[in-house]
Amino acid sequence: MSELKITGKQLLGLGYPQGLVIRVAMDVIAEHYPDATLEEAEAVLSSVLKDPVAYQDDPVLGAIAAHLIVEEKPEVIALRDTPVDYAIFGAEFIEEGTIRQLNSAIRLPVAVAGALMPDAHQGYGLPIGGVLATDNAVIPYGVGVDIGCRMCLSILDLPEASLETQASSYQKALKNKTKFGAGAEWKHNDADPVLERSEFREIPVLRNLLDKAAGQLGTSGSGNHFVEWGIVTILDANNEWNLAPGNYVGLLSHSGSRGMGAQVAGHYTRLAKELCVLPKEAQHLAYLDLNTEAGQEYWLAMNLAGDYASACHHLIHQRMIAEMGATLLARVENHHNFAWKEIHHGKELIVHRKGATPAGKGMLGIIPGSMTAPGFIVRGKGEESSLHSASHGAGRQMSRTKAIASITQEEMRKMLQDNGVTLIGGGLDEAPGAYKDINTVMSAQSDLVETVGRFQPKMVRMADGGPAED
């Protein structure tokens, strides 16, 4: 028998008021009445609704009763009249709407500092490419829907020439050892310690997500997520791996925490909006106080999703490297779409990087271009005005809709051919012309990172096209 799930719509139909009590009731039923029929659950909920005082001391139903007794519409939290200061890098090619989004974020009462990266464009809540430091508060939409979306680059011992002489083997690995798209799962998957984590048992929203997480482990999403072979050029002789300058075969991937992360983001965003009512222009920036149970739950779930995303990349790389009989020489990886506890302005702050790369002093990262443009292996300079951050890619200059309407298949085919790139999957929404010039973006952040090496894509695997938030 499948576990019972009560929806908010059903609760409203029973007469429950709009508000936090809806979420509380859904969680109580999911946790304590999983084997009840719908009729049995509705009878219990109706009884509590009819006389909440009678249930206020009940160890299970008292949580619902308490909210019914005191439920009041929260007051709207006002934004500051004067925003905190923040830095913009590459302002000349960032749209005004993107800047307006960050202007709302830095007027939050919990905002302490912010920054905007040169690849920035509009998103939900924080703009993609936006960085925001807050005081003891976390913003689910400041992290993003794809929690822990990350880059992972493996540098291998394969000869550069093999990308041409063994092209069919590389392409076969991409086709057979990767899966893409919403709902994509492996029929048989490897065990991984991340699936044994206690959060799957202790946090209500995660309890029903373990099977999904297990099936999707080692898969990639849609939109701009990819796995690709290419040529790594090490430029810095003093690199951290003691690799000789020159060319190597590299494997680069970009994806996040899949369906599990999306479910966590959706659940806690709804909860944050119920607890933290903001003016309409800032409603997606609703935050959770880390001193509350909800804030601590989200923080734990977010970190689990980030570790799960990392495990996905490692499994993808493990399968691909084994398929080619290669040996790993070095690896560079980093999250974006995440929040960290860091020291800035002399105190611990929560630093949200929505599509931005951590760039603390000496910290390594990988910043991709597009499917035909180079990516860059970088070392952070620890620039305080950027909150130790850099761009997470080239950034879009066209929306997906505009790209599909204005770029033809022939134009995309020619660009791929001119750059010697083989594409498996992918759509016009991800055409190279939809992105900013990565070299211009890198020039705008020369104070933030230094270049250690480059990655030039040669064989790219993507989903067949579809929406995704970076």
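Presented here is a report on the structure given in the accompanying data block. (Residues numbered from 1 in each chain as written. Predicted model: local features only at pLDDT ≥ 70, side-chain atom pairs only at ≥ 80, totals over all residues. Heavy atoms only, no water.)

Attention now goes to the pairing of strand β3 (residues 128-134). Counting buried positions along β3 yields seven of seven residues, so the element is predominantly enclosed. Alignment of strand β2 (residues 111-121) against β3, held across six bridges, turns out to be antiparallel. Bridge pairing in β3 places His121 opposite Ile128. The loop that links β2 with its antiparallel partner β3 comprises six residues; one of these, Gly125, has a positive phi angle of about 70 degrees. Across five bridges, the pairing between β3 and strand β11 (residues 347-354) is antiparallel. Residue Ala133 lies in a different strand from β11, and its bridge partner there is Val351. (Buried < 20%, exposed > 50% of the residue type's maximum accessible area, 1.4 Å probe, protein only. Helix = DSSP H or I, 4+ residues; strand = E, 2+ residues; numbered from the N terminus. Pairing = 2+ DSSP bridges.)

Residues other than glycine seldom take positive phi values, yet Leu387 does so here, at roughly 55 degrees. Within the secondary structure, Leu387 sits in the loop between β14 (375-380) and β15 (389-391). Backbone geometry at His388 places phi at a positive 55 degrees, although glycine is not the residue there. Structurally, His388 can be placed in the loop between β14 and β15. Here His388 falls in the partly exposed class, since its relative accessible area comes to 21%.

Turning next to the nonpolar core. Ranked by size, the top nonpolar core spans 78 residues in total, and within it Tyr16, Ile64, Leu108, Ile147, Leu206, Tyr268 and Tyr298 carry the most contacts. In terms of residues, this core owes the most to one element, helix α13 (residues 293-324), which gives eleven residues. (Core = buried A, V, L, I, M, F, W, Y, C linked by side-chain atoms within 4.5 Å.)

This brings us to the pattern of salt bridges. Scanning all chains against the criterion turns up 15 salt bridges. Arg197 is the partner of Glu199 in a salt bridge, and the nearest nitrogen-oxygen pair spans 3.1 Å. Linking Arg353 and Glu342 is a salt bridge whose minimum nitrogen-to-oxygen distance equals 2.9 Å. In this pair, Arg353 is assigned in strand β11 and Glu342 in strand β10 (residues 338-344), connecting sequence segments eleven residues apart. The same class applies to Arg353 and to Glu342, which are both buried. Through salt bridges that share partners, Asp236, Glu240, Arg379 and Glu450 make up one connected network. (Salt bridge = Lys/Arg side-chain N within 4 Å of Asp/Glu carboxyl O.)

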